[in-house]
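One letter stands for each residue in the lines below.
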Amino acid sequence: MTFHEEEDIIMAEGIKDKVAIIGMGCTRFGERWDAGAEDLIVEAFKEAIEDAGIEKKEIQAAWFGSCFDEVNVGKAATPLSLTLKLPFIPVTRVENFCATGSEALRGAVYAVASGAYDICLALGSEKLKDTGYGGLPDFSQVLGTRNRLIFPNITAPGGFAMLATRYFAKYGLGPEEGKEILAMVSAKSHKNGARNPKAHLRKEISVEKILKAPMIAWPLGLFDCCGVSDGAAAAIVCRADLAKNFRSDPVHVKSMQIALSSGEELMYTDWDGTYVKTAVKCAARAYDEAGIKNPREEISMMELHDCFSITELVTYEDLGISPRGKAGNDVRDGFFNLDGKIPCQPDGGLKCFGHPIGASGLRMMYEMYKQFQGKAGDRQIKDPRIGLTHNMGGFPAMNLISVNIVGR
Amino acid sequence: MIREYTHDMGEEVRSISGGYTLEMEGKFEIEGKEVLYVVGNAVVDSSCCGTGGCRYALVPGYVRQFKTRQDERGLWISEVEPIMDRAARQEITRVLKEKEIVQQVQFS
Amino acid sequence: MSGIVSYGAYIPKYRIDRKLIYKAMGWLNPATFMPGEKAVANYDEDSVTMAVAAGIDCLNGIDREKVDAVFFASTTPPYVERQNAEIMASAFDCRADIRTADFTDTLKAGTTAVLSAVDAVKAGSAKNVMVCTGDMRLGKAGSAQEEIFGDGAAALLIGDNGVVAEFGGSFSVSYDFVDHWRGTGERFDQQWEDRFIRDEGYTRFIVEALQGLTKKCGMESSALSSVAYPCLYAGDFKKIAGTLGLSESQCVDPLAGQVGYTGTADPLMHLVGALEAAKPGDRIAVVGFGAGADAVLFEVTEEIEKTRADRRGIRKHLAARRELGSYEKMAAFRNLLPTEKGIRGDTVAFTALSTLWRNRKEVMGLCGSRCKACGTPQYPVQRVCVNPDCGVIDEMVPYRFSDRKGALFTYTGDNLAFSPNPPAIYGFVDFEGGGRYWFDLTDVDLEEVEVDMAVEMSFRKKYVDEKSGIHGYFWKAVPVMV
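### Comments concerning the overall build of chain B
And step 1. If you tally the helices and strands in chain B, you get one helix and seven strands.
And step 2. With respect to the three principal axes, the spread of C-alpha positions in chain B is 40 × 35 × 20 Å.
And step 3. Burial analysis of chain B (108 residues in total) assigns 54% to the buried set.
And step 4. Contacts in chain B between residues at least 24 apart in sequence constitute 50% of all its contacts with a sequence separation of at least 6.
And step 5. Accessible area for chain B stands at about 5300 Å²; split by element, carbon and sulfur atoms hold 46% of it.
And step 6. On chain B, the mean spot of the 14 positive side-chain charges and the mean spot of the 18 negative ones are 3 Å from each other.

This is the structure in structure tokens:
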């Protein structure tokens, strides 16, 4: 069984084992009425810098991720440099929808891997609770002037619900059966999140209770959808050969890849609507760079972009771990539970943390980092070797995927 | 096909984006069979894309045996037959929307 | 020979039982009870979108490049300055070198537009004139107008080649008869007393115009196979027939109990109804009433048979009804009730009019492009071909999607997206012949939607920016009419 398309992967060199993460910070996620974006930035930064044991002046360049600058700190990278009083160093703002957090990290990591810098900072922050209404700022303002004349009245749950509709249809799942599989995916995450002091929602919820919730965008119900949160997370990265100067247990970056939609999914009729095309391509490149031949055997733990439970389900297949159309079987077998073969969302995921867009990708990496260092409390996974984070931005028909692989 | 249904109401079940409470139960007859339904109230106040919520109904199925035993928590359990027929579902949806003024009807 | 080359009509799918209106508001003015049901435009329809639907019905199988003039008649156009006829012409994807005009301000504007079209064809200034009329008239809550007004549209293609009903003559009278009036900026008509309207106007001008017509054409009223005229008052409708010596079978059913009084569209909708059942040699008169009356005569030719199969007209639209089960919904759709949209629903991004201009064929005409190199149709217009095996740049020709059917590839019913008629249903359409895009769906309940169901495209109001007074139009998918 091939899980990715055969193609010649030509790489200059890749970044495997060139960069290490030596410090991370993550704020409490939630409805932080008490904190503005600046407060969240400082909170994450303080923890990261203390964890790395460095001084601010050692940071040579920084990448700042925030998505909705309209309701946030504003545009450009000055919000980061001004808040942290960074001393005239290079700071770049990045944004790539919900994968913004991973993009910030990727910028910092690639800069160090290139040899241009020794130590860099990546920080993502998002403050979403000042809009005056629940949820993300209205999409119509950010789609582009032509697109908002012709796009349907789409929301994120609706965009992903369409993936579920088509998946159920293709694999002959009646709506009740399909919803039950999705409920099991969410229930697993809630069980993990209940053990995480930094999570927004810390409560176990049974499959039965999930199935009794109302529909948000058919066939996705209340518990199939993540919610909005405020939060920030940060990482300090340095050259792999310098990492031991800072700590005995750095986490090494094996690969950081992204893939963007080509337009085929939305405007061409090849895509069958039941998976995420970019994820397949991105994972193939990431595995090649990291030297992973059999993901189902080699990956120890994962943080996937569970904005919606269907996303997580098809991602199991897109990452080549579950066979096409059969991820439900793995879910039923507990393959992705905390005590399963590949624990997925050990920190509770977006479901339990909420989704401050600029921060989520870094929050995922934070969990991987803490797991490797044995600091995951009663969520601790035994002796993890390889961790994978998967961050997605956009809709299944029009998106970008970030796949990041880390190890000891 | 017979399934078990546990009568469990009154608790507010929350996610990050909102929550729901099952408030009341009822039964009504349609074509000689008794339909069991539950009415819930949901509030969605922190989802990613808007606020909402609704009064909705769940239909576990036709009643086969009503409240036959209790589980370890003391909650009653009934045996129900899930309703699969499309025409029956449409009719039950119509009746419930009018009777209980719900916006959604879901079948298990 | 000049006359009607093709015809079409449109009735919105929603129908409301008038008892619901009376139940909701009859306590206020008990004299307003009327039997039957009436047609109610969906929240995303208006006089222009309905006229476009009628026009597309009329243009079925006809090369749109042939149209060289477009007339729109309505007393409820969305704009008083931005030509509504041109919005329609864009939706039809007409050429730029055509003449356009809006006819408005009185309910006989529909027939007047037809006469102007006939004059243009006879004078040789145009060869194919689209005359489309639609009205979405509004009555105050609890008024008789609210009971009687229905929404609908009709379209005629007037030309001199392949005429199915030849123009046989007309007779018009014009009077500044102020039975009802509405000043600029006013939302509702005001009217004088009904006795005045029926005694001095309704029962006089229609008779005067039709008698003038028959005299001018040298015929008796018994020679007319059908006469189409509006029904304002049921009793007086019959009285007019009596005065004219018309039998009941000669009067085209005004559909008072099924559609309602559709304003400028009314007489032309009934003309279409008559044409649907007409035989060669039939003489059909249509009378528009308002500020006097126009009476127009048509004689059906042998060509009538060739259009019949492909027209939905009145009969098919009448049958495609959906129950609008609540008065409150009707009131909300028509903005009679200030409804809570939430901050999210109230937020409408400004319309970049320069973007709209640049992309007008795409947005208004649903035109994409087809790659000459690989033949792939794609929407919206692309410069770089979307086919991953092609990818050629700038080898595109225009390709119209609006008249293509498709299959619903996938869909959802979204309870979070703000919709005036929730849930918001949207999905992907895979078009026959190629091409895929995502669209809102309308005129359908979530329970009816299925993966791979057959859909077609319908021109609708996509949004209204109330602050800027901009009505935004685009296309939505609807189930193919059976």
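### Some thoughts on the sheet that holds strand E14 (residues 322-323) of chain C
All names here are of chain C.
And step 1. Taking strand neighbours across the sheet as the criterion, the three strands line up as E3-E2-E14 in an open arrangement whose pairing is mixed. Only two strands of the sheet have a single partner each, and these edge strands are strand E3 (37-39) and E14.
And step 2. Pairing geometry for strand E2 (residues 14-17) and E14, over two bridges, is parallel. Within the sheet, the bridge partner assigned to Arg15 lies in E14 and is Glu323.
And step 3. With respect to the sheet, helix H1 (residues 18-25) is in contact with E2 and E3, its orientation differing from that of E2 by roughly 55°.

### Focus on the sheet that holds strand E6 (residues 128-135) of chain C
Residues and elements named next belong to chain C.
And step 1. Strand order in the open sheet made by the nine strands is E5-E4-E6-E7-E1-E8-E13-E12-E11, with mixed pairing throughout. For this open sheet the edge positions go to strand E5 (99-103) and strand E11 (226-228), each flanked by a neighbour on one side alone. If you compare each strand with its neighbour and ignore which way they point, the axes differ by 20° on average.
And step 2. As paired elements, strand E12 (residues 283-289) and strand E13 (residues 292-300) share seven bridges and run antiparallel to each other. Residue pairing across strands places Val287 opposite Ala295, the latter belonging to E13.
And step 3. Lying on the sheet, helix H2 (residues 47-58) is in contact with strand E1 (3-10), strand E4 (69-73), E6 and strand E7 (152-159); it crosses E1 at an angle near 130°.
And step 4. Relative to E7, helix H8 (residues 265-277) is tilted by about 65°, and along the sheet it contacts E1, E6, E7, strand E8 (165-174), E11, E12 and E13.

### Focus: the packing of helix H3 (residues 100-113) of chain A against helix H14 (residues 357-372) of chain A
Residue and element names in this part refer to chain A.
And step 1. Between H3 and H14, the least distance of the axes is 5 Å, while the angle of their chain directions is 65°. Relative to H14, H3 is oriented roughly perpendicular. Between H3 and H14, the residues in contact are Thr100, Gly101, Ser102 and Leu105 and Ile357, Gly358, Gly361, Leu362 and Met365, respectively.
And step 2. Residue classes in the contact of H3 with H14 are distributed as four nonpolar, five polar and no charged.

### Some thoughts on helix H4 (residues 109-123) of chain C
Side chains that are three or four residues apart share a direction in an α-helix, a result of its 3.6 residues per turn.
And step 1. With 15 residues, H4 of chain C extends 21 Å between its outermost C-alpha atoms, agreeing within 8% with the 21 Å of an ideal straight helix rising 1.5 Å per residue.
And step 2. Downstream of H4 of chain C by one or two residues, Gly124 of chain C has phi in the positive range, about 80°.

Parameters at a glance
Residues numbered from 1 in each chain as written. Chains lettered and ligands numbered in written order. Predicted model: local features only at pLDDT ≥ 70, side-chain atom pairs only at ≥ 80, totals over all residues. Heavy atoms only, no water. Helix = DSSP H or I, 4+ residues; strand = E, 2+ residues; numbered from the N terminus. Buried < 20%, exposed > 50% of the residue type's maximum accessible area, 1.4 Å probe, protein only. Contact = heavy atoms within 4.5 Å. Areas by Shrake-Rupley, 256 points an atom, 1.4 Å probe, with all protein chains shown as cover. Lys, Arg positive; Asp, Glu negative; His and termini not counted. Charge placed at Lys NZ, Arg CZ, Asp CG, Glu CD. Pairing = 2+ DSSP bridges. Axes fitted to C-alpha atoms, helices over the stretch in contact; angles between N-to-C directions. Parallel < 35°, antiparallel > 145°, perpendicular 65-115°, else oblique. Nonpolar A, V, L, I, M, F, W, Y, C, P; charged D, E, K, R; others polar. Expected span 1.5 Å × (residues − 1).

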